[in-house]
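Commentary on secondary and tertiary structure
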Amino acid sequence: MSTKTESERVRGWLTGRLPAEWFEGEPELSIDRDEILIVGRIPAPEQKADVSAAERSAAEEGRIKQYREDTRERRIEIARELEHATRRKVAWGVHCGDTTTIFTSLSAPVMTRLRQPERQVLDTLVDAGVARSRSDALGWCVKLVAQHSETWLADLREAMTKVEDVRRAGPDTSNS
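Small disclaimer: the values here were computed from a predicted structure and weren't measured.

Observations concerning the overall build of the protein
Per the secondary structure count, the protein includes 5 helices and 4 strands. Element order for the protein, N to C, with α for helix and β for strand: α-β-β-α-β-β-α-α-α. Projecting the C-alpha coordinates of the protein onto the three principal axes gives extents of approximately 65 × 50 × 30 Å. For the protein, the residues scored as buried account for 25% of the 176 residues in total. The long-range fraction of contacts in the protein, counting pairs at least 24 apart against all pairs at least 6 apart in sequence, stands at 55%. As displayed, the protein has an accessible area near 13100 Å², and 51% of this comes from carbon and sulfur atoms.

Below, the structure written as structure tokens:
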């Protein structure tokens, strides 16, 4: 099944399964080989326009905590159903005002071999206190690349989807 079709199926399933009052609009959906991340927008607390940024942030964090507690059992139930259907872990998150919080999500180990110049980059980040370990440093590097190459990665994902569509449209080779 193509990534696009799979995403559409999961989005459709969630549209039918999620309580309508949970989110403002449709939740964002992010799917990879290991995990489905569902992030929805919840209403920000009503506050006066002149409150400080610290007070606004604290109110948003409080609203997120309340949402997390109020929906915990239902989210676990829905996640188990979706995990069974897709064989992927499910994680949740919310946007509230300017605050975004991702609840417990999967941290997948990734094995890689690095030559000395690459290891030296990671060691410099560790020695400078930017990261606690080579593993943390590598994660930091991946986040930095993703942040600065978002458009390129989006174009690449779109091209991969088109390749999958062309493969599906090709001749059926299973009968050969």
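There is more to say after this.
What to know about helix α3 (residues 116–127)
The end-to-end C-alpha distance of α3, which contains 12 residues, comes to 16 Å, matching closely the 16 Å that a straight helix rising 1.5 Å per residue would cover. In the segment just after α3, glycine 129 is the residue with positive phi, at about 85°.

Some details on the nonpolar core
One finds Phe23, Ile38 and Trp92 to be the most contacted residues of the largest nonpolar core, which totals 19 residues. Broken down by element, this core gets its largest block of residues, 5 residues, from helix α2 (residues 53–86). The residues touching phenylalanine 23, leaving out its near neighbours within four places in the chain, are Leu18, Ile38, Gly40, Arg41, Ile42, Tyr67, Gly93 and Val94.

Describing unusual backbone geometry
Although it is not a glycine, arginine 87 sits at a positive phi angle of roughly 60°. When you line up the elements, arginine 87 lands in the loop between α2 and β3 (89–96). Look at arginine 87 and you get exposed, because its relative accessible area is 71%.

What to know about the pattern of salt bridges
By the definition in use, this model includes 9 salt bridges. Note that arginine 17 and glutamate 81 form a salt bridge whose closest N and O atoms lie 2.8 Å from each other. One end of the pair, arginine 17, is in helix α1 (residues 3–17); the other, glutamate 81, is in helix α2, and 64 residues separate them in sequence. Among the residues examined, glutamate 81 registers a relative accessible area of 31% and is labelled partly exposed. Three or more residues are tied together by salt bridges with common partners; here these are Arg17, Glu77 and Glu81.

Let's talk about the packing of aromatic side chains
Summed over the entire model, instances satisfying the criterion amount to 4 aromatic pairs. Seen in terms of ring centroids, tryptophan 22 and tyrosine 67 are 6.3 Å apart; in terms of plane orientation they differ by 80°. Their pairing is edge-to-face. One end of the pair, tryptophan 22, is in the loop between α1 and β1 (28–31); the other, tyrosine 67, is in helix α2, and 45 residues separate them in sequence. Each member of the pair, tryptophan 22 as well as tyrosine 67, is classed as buried. Seen from their ring centres, phenylalanine 23 and tyrosine 67 are 5.9 Å apart, and the 40° between their planes marks the pair as tilted. Residue phenylalanine 23 is located in the loop between α1 and β1, and its partner tyrosine 67 is located in helix α2; the two are separated by 44 residues in the primary sequence. Each of the two residues, phenylalanine 23 as well as tyrosine 67, counts as buried. Within the aromatic cluster, the residues linked to one another by ring pairs are Trp22, Phe23, Tyr67 and Trp92.

About the criteria used
Residues numbered from 1 in each chain as written. Predicted model: local features only at pLDDT ≥ 70, side-chain atom pairs only at ≥ 80, totals over all residues. Heavy atoms only, no water. Helix = DSSP H or I, 4+ residues; strand = E, 2+ residues; numbered from the N terminus. Buried < 20%, exposed > 50% of the residue type's maximum accessible area, 1.4 Å probe, protein only. Contact = heavy atoms within 4.5 Å. Areas by Shrake-Rupley, 256 points an atom, 1.4 Å probe, with all protein chains shown as cover. Expected span 1.5 Å × (residues − 1). Core = buried A, V, L, I, M, F, W, Y, C linked by side-chain atoms within 4.5 Å. Salt bridge = Lys/Arg side-chain N within 4 Å of Asp/Glu carboxyl O. Phe/Tyr/Trp six-rings, centres within 6.5 Å; stacked < 30°, edge-to-face > 60°.

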